[in-house]
Amino acid sequence: MHVRCPERLPEELYRQVLEQIGELSPTAALVDLRYHAATASHLGDVLRLRTVSRYGIDMRVGIGPTITVATTASAQVPHPGGVLAIAPDDAADWLALLDVEDLHGIGPRHAATLQLYGIDRVGLLAALPPATVQRMLGGKTGRMAVDRARGIDPRTVTPRLQPASTTVRHRFPHDVHDGAAVRAALLGLVVQLGVELRRRDQAARALTLTLSFAGGPKWEKTRRMVEPSAHEDDLRLLVYQVMDAAGLQRGRLTGLALRGEDLVDAGQVAEQLSLDAARQARLVAESAADRIRAKFGPGAIGPAATYRSAS
């Protein structure tokens, strides 16, 4: 599966879009090797729907038996978005009809060279002996061009580990120095960060709070967690301590950013049995809220203070 976004995205948003693939299956990037084309196409539709609903971004999804076919297919999807799945048995015939410059891995310069010799379709390129194309484009490039034109691509998709940090942000509609409004916005970030960490089955070892002030200056502080956690109780306690340490008085804030750092897999975190009945009740409520968000969307439930601050 290869995904194209309509424009260059901010780094954090780009990361979130990529993580949608991980929600489909632990090996969703290899979906073309694991599923029939009809199922792969359905997974592409699910990915598009989730990304549009969560981030307002449509995308073009190409699915095929190799990286070359999938990437070439994604470029053939009309703007703004859609899914094009190429079955393994159809790959060579589908590629043959494309213009040679549409083949992934053939740049404009190499395409122009091939067109000088009348090779304007991928099918014509695939029919040539590799030695002939190597004389036109060079040894390694010529061999690769013929292989890709024939649908041959031995490269495999290498899964990447989850990133070691994640950031949530809040920008105020106007400069504020109201402590209650700032605290409510901060609570909202704590909830967002906790939801994101739990969704990714990760826990934070440290938190970094960044305050942006009117006029441009920023204040930033990092604190380590006593134990890695993704629970709002633990995140909130540490973040409020960091906020209090900032010693804000008359500073006018324009925005807040909260970053979970030194992230670890949640399975590596030992869960301690708590004798605090109130905390256990909050953890149960947190789990229930996560199920509600998964069903009805991220804004379906949250602390009352955050909804009052947004109104």
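Keep in mind that this is a model prediction, so the values were computed, not measured.

Novice: Give me the pattern of salt bridges: which residues, what numbers.
Specialist: All chains considered together, the criterion is met by 16 salt bridges. A salt bridge links Asp262 to Arg205, with the nearest nitrogen and oxygen atoms 3.2 Å apart. Of this pair, Asp262 sits in the loop between strand S7 (253–261) and strand S8 (264–265) while Arg205 sits in strand S5 (residues 202–213), and the two are 57 residues apart along the sequence. Given a relative accessible area of 31%, Asp262 falls into the partly exposed group. We note a salt bridge from Arg259 to Glu261, for which the minimum N-O separation is 3.4 Å. Overall, the relative accessible area of 22% leaves Arg259 in the partly exposed class.

Novice: Let's hear about unusual backbone geometry: which residues, and what values?
Specialist: The residue Asp201 is not glycine, and still its phi comes out positive at about 55°. In this structure, Asp201 sits in the loop between helix H10 (179–199) and S5. The backbone of Asp262 sits at a positive phi, close to 50°, despite the residue not being glycine.

Novice: Tell me about the environment of Thr167, and please be specific about residues and values.
Specialist: The residue Thr167 is located in strand S4 (residues 165–176) in this model. Classification of Thr167 by relative accessible area gives buried; the value is 10%.

Novice: Please provide a residue-by-residue account of the confidence of the model for the protein, values included.
Specialist: On average, residues of the protein score 82 in pLDDT, and 81% of them reach the 70 mark or higher. Across residues 25–37 the pLDDT falls below 50, and counting only partners more than four positions away or on other chains, this stretch makes 21 contacts in the model.

Novice: Report on the packing of helix H8 (residues 130–137) against helix H9 (residues 139–149), specifying residues and quantitative values.
Specialist: Packing of H8 against H9 leaves a shortest axis separation of 7 Å and a crossing angle of 130°. Compared by their axis directions, H8 and H9 come out oblique. Regarding H8 and H9, the two cross each other, and that crossing is right-handed. Between H8 and H9, the contacting residues are Pro130, Val133, Gln134 and Leu137 on the first element and Gly139, Thr141, Gly142, Arg143, Ala145 and Val146 on the second. Here the residues of the contact of H8 with H9 sort into five nonpolar, four polar and one charged.

Novice: Describe the environment of Arg259, listing the residues and the values that go with them.
Specialist: Along the chain, Arg259 falls in strand S7. The spacing of Arg259 and Thr208 is 51 residues in sequence and 5.1 Å in space, taken between C-alpha atoms. Apart from the residues within four sequence positions on either side, Arg259 is in contact with Ser165, Thr166, Thr167, Leu193, Ala206, Leu207, Thr208 and Glu220.

Novice: If you had to explain the packing of aromatic side chains to someone new, which residues and values would you point to?
Specialist: Counting across every chain of the model gives zero aromatic pairs. Its end group placed over the ring of Tyr240, Arg183 keeps NZ or CZ at 4.4 Å from the ring centre.

Novice: Tell me what's going on with the side chain of Thr66, and back it up with residues and numbers.
Specialist: Position of Thr66 relative to the elements: it lies in the loop between strand S2 (60–63) and helix H4 (67–76). Classification of Thr66 by relative accessible area gives buried; the value is 11%. Within polar-contact distance, the side chain of Thr66 engages the backbone nitrogen of Val69 at 3.2 Å.

How each quantity is defined
Residues numbered from 1 in each chain as written. Predicted model: local features only at pLDDT ≥ 70, side-chain atom pairs only at ≥ 80, totals over all residues. Heavy atoms only, no water. Salt bridge = Lys/Arg side-chain N within 4 Å of Asp/Glu carboxyl O. Helix = DSSP H or I, 4+ residues; strand = E, 2+ residues; numbered from the N terminus. Buried < 20%, exposed > 50% of the residue type's maximum accessible area, 1.4 Å probe, protein only. pLDDT = per-residue confidence, 0-100. Contact = heavy atoms within 4.5 Å. Axes fitted to C-alpha atoms, helices over the stretch in contact; angles between N-to-C directions. Parallel < 35°, antiparallel > 145°, perpendicular 65-115°, else oblique. Left-handed = near helix turned anticlockwise from the far one by under 90°. Nonpolar A, V, L, I, M, F, W, Y, C, P; charged D, E, K, R; others polar. Phe/Tyr/Trp six-rings, centres within 6.5 Å; stacked < 30°, edge-to-face > 60°. Lys NZ or Arg CZ within 6 Å of the ring centre and 35° of its normal. Polar contact = N/O pair within 3.5 Å; in protein donor to acceptor, adjacent residues only side chain to side chain.

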